[in-house]
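For reference, the chains in residue letters:
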Amino acid sequence: MGKKTKLSTLNVSASITEQVAINEENDSANTDVEVPNKIAKATEDKLISAGTTIDQIVGINLKKKKGKREKKREKHTVLLEEQRKKSKEKEKQDIHQYLECWSTNREQWKFHKLKQIFIQDHAFDEAKINAEIWPIALEYLSGTKGSSKDILAKKAESIIREGDAAAAANADDDLQSSNKYERARELLQCLG
């Protein structure tokens, strides 16, 4: 056994030395041949660098499947938007009922501070207090007293000043003819 392993290792080492000699001969013969430069496979616009994800490569469109969480988030945001719209409409109706009750039936009318604040904050906004309710709201706001009356007067005066300044600077009567400007003038006249 020992003799066979020595012979086989000698044969392997001899064959390796023969191959090295052949490779050296081939290399000396091939020195005259030029090796071509590598050709770039990707152009500059399709270049992929470190940190590039597949969806960022131009020309590759991946269809993303929405996960359960993402679907739930979208559904939740849609529900929130619907609730906000409903609450805004309900708020408008509540203010309308509050002012109607104040003007027609004072025995059943009850004061609500939050509704008064809402009316004062949105007195000049036609989207919140429409033209149908405005005369009632104006009558309601004319009865305010104390610091809330001062705050309303300052808001109205600033709106009128902005309208006059815009009209003088641009010779544009859009702000002066707006409902906001008209409401501010009416409220100042009622507050006296």
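Quick caveat, the model's predicted, so the values are computed rather than measured.

### Concerning the overall build of the protein
Line of reasoning, step 1. Looking only at helices and strands, one finds six helices and zero strands in the protein.
Line of reasoning, step 2. Along the protein, from the amino end to the carboxyl end, the secondary structure elements read α-α-α-α-α-α.
Line of reasoning, step 3. The buried share of the protein, reckoned over its 192 residues, is 18%.
Line of reasoning, step 4. Taking as baseline every contact in the protein between residues at least 6 positions apart, the subset at least 24 positions apart corresponds to 57%.
Line of reasoning, step 5. For the protein, the computed accessible surface area is about 15700 Å², with 53% contributed by carbon and sulfur atoms.

### Description of helix α6 (residues 179–191)
Line of reasoning, step 1. A rise of 1.5 Å per residue sets the reference length of α6, with its 13 residues, at 18 Å; its end C-alpha atoms lie 18 Å apart and thus fit the reference within 8%.
Line of reasoning, step 2. Turning to α6, its buried residues are Tyr181, Arg183, Ala184, Leu187 and Leu191. Take α6 and look down its axis: the buried residues cluster within an arc of 160°, on one side only.
Line of reasoning, step 3. Gly192 sits one or two positions beyond α6 and adopts a positive phi of about 65°.

### Some points on the side chain of Arg183
Line of reasoning, step 1. One can find Arg183 in helix α6.
Line of reasoning, step 2. Glu126 provides the closest opposite charge to the buried, unpaired Arg183, separated from it by 4.9 Å.
Line of reasoning, step 3. Once residues within four sequence positions are removed from consideration, Arg183 is found in contact with Ala123, Phe124, Asp125, Glu126, Ile129, Asn130, Ala131 and Trp134.

### Concerning the pattern of salt bridges
Line of reasoning, step 1. All chains considered together, the criterion is met by five salt bridges.
Line of reasoning, step 2. Salt-bridge contacts for Glu157 lead to Arg161; the nearest nitrogen and oxygen are separated by 3.8 Å. Residue Glu157 and its partner Arg161 are both found in helix α5 (residues 147–170); the two are separated by four residues, about one turn of the helix.
Line of reasoning, step 3. Among the residues examined, Glu157 registers a relative accessible area of 36% and is labelled partly exposed.
Line of reasoning, step 4. Judged by its relative accessible area of 55%, Arg161 falls in the exposed class.

### Brief notes about the environment of Lys145
Line of reasoning, step 1. As for its position among the elements, Lys145 is in the loop between α4 (134–142) and α5.
Line of reasoning, step 2. Between the alpha carbons of Lys145 and Leu191 there is a distance of 9.4 Å; along the sequence they are 46 residues apart.

### Focus on the packing of helix α2 (residues 68–104) against α4
Line of reasoning, step 1. Packing of α2 against α4 leaves a shortest axis separation of 10 Å and a crossing angle of 70°. Viewed along their axes, α2 and α4 adopt a mutual orientation that is roughly perpendicular. For α2 against α4, the interelement crossing comes out left-handed. Judged by residue contacts, Tyr98, Leu99, Glu100, Trp102 and Ser103 of α2 engage Ile136, Ala137, Glu139 and Tyr140 from α4.
Line of reasoning, step 2. For the contact of α2 with α4, the residue count by class is six nonpolar, one polar and two charged.

Procedures and definitions
Residues numbered from 1 in each chain as written. Predicted model: local features only at pLDDT ≥ 70, side-chain atom pairs only at ≥ 80, totals over all residues. Heavy atoms only, no water. Helix = DSSP H or I, 4+ residues; strand = E, 2+ residues; numbered from the N terminus. Buried < 20%, exposed > 50% of the residue type's maximum accessible area, 1.4 Å probe, protein only. Contact = heavy atoms within 4.5 Å. Areas by Shrake-Rupley, 256 points an atom, 1.4 Å probe, with all protein chains shown as cover. Expected span 1.5 Å × (residues − 1). Arc of directions from axis to C-beta. Lys, Arg positive; Asp, Glu negative; His and termini not counted. Salt bridge = Lys/Arg side-chain N within 4 Å of Asp/Glu carboxyl O. Axes fitted to C-alpha atoms, helices over the stretch in contact; angles between N-to-C directions. Parallel < 35°, antiparallel > 145°, perpendicular 65-115°, else oblique. Left-handed = near helix turned anticlockwise from the far one by under 90°. Nonpolar A, V, L, I, M, F, W, Y, C, P; charged D, E, K, R; others polar.

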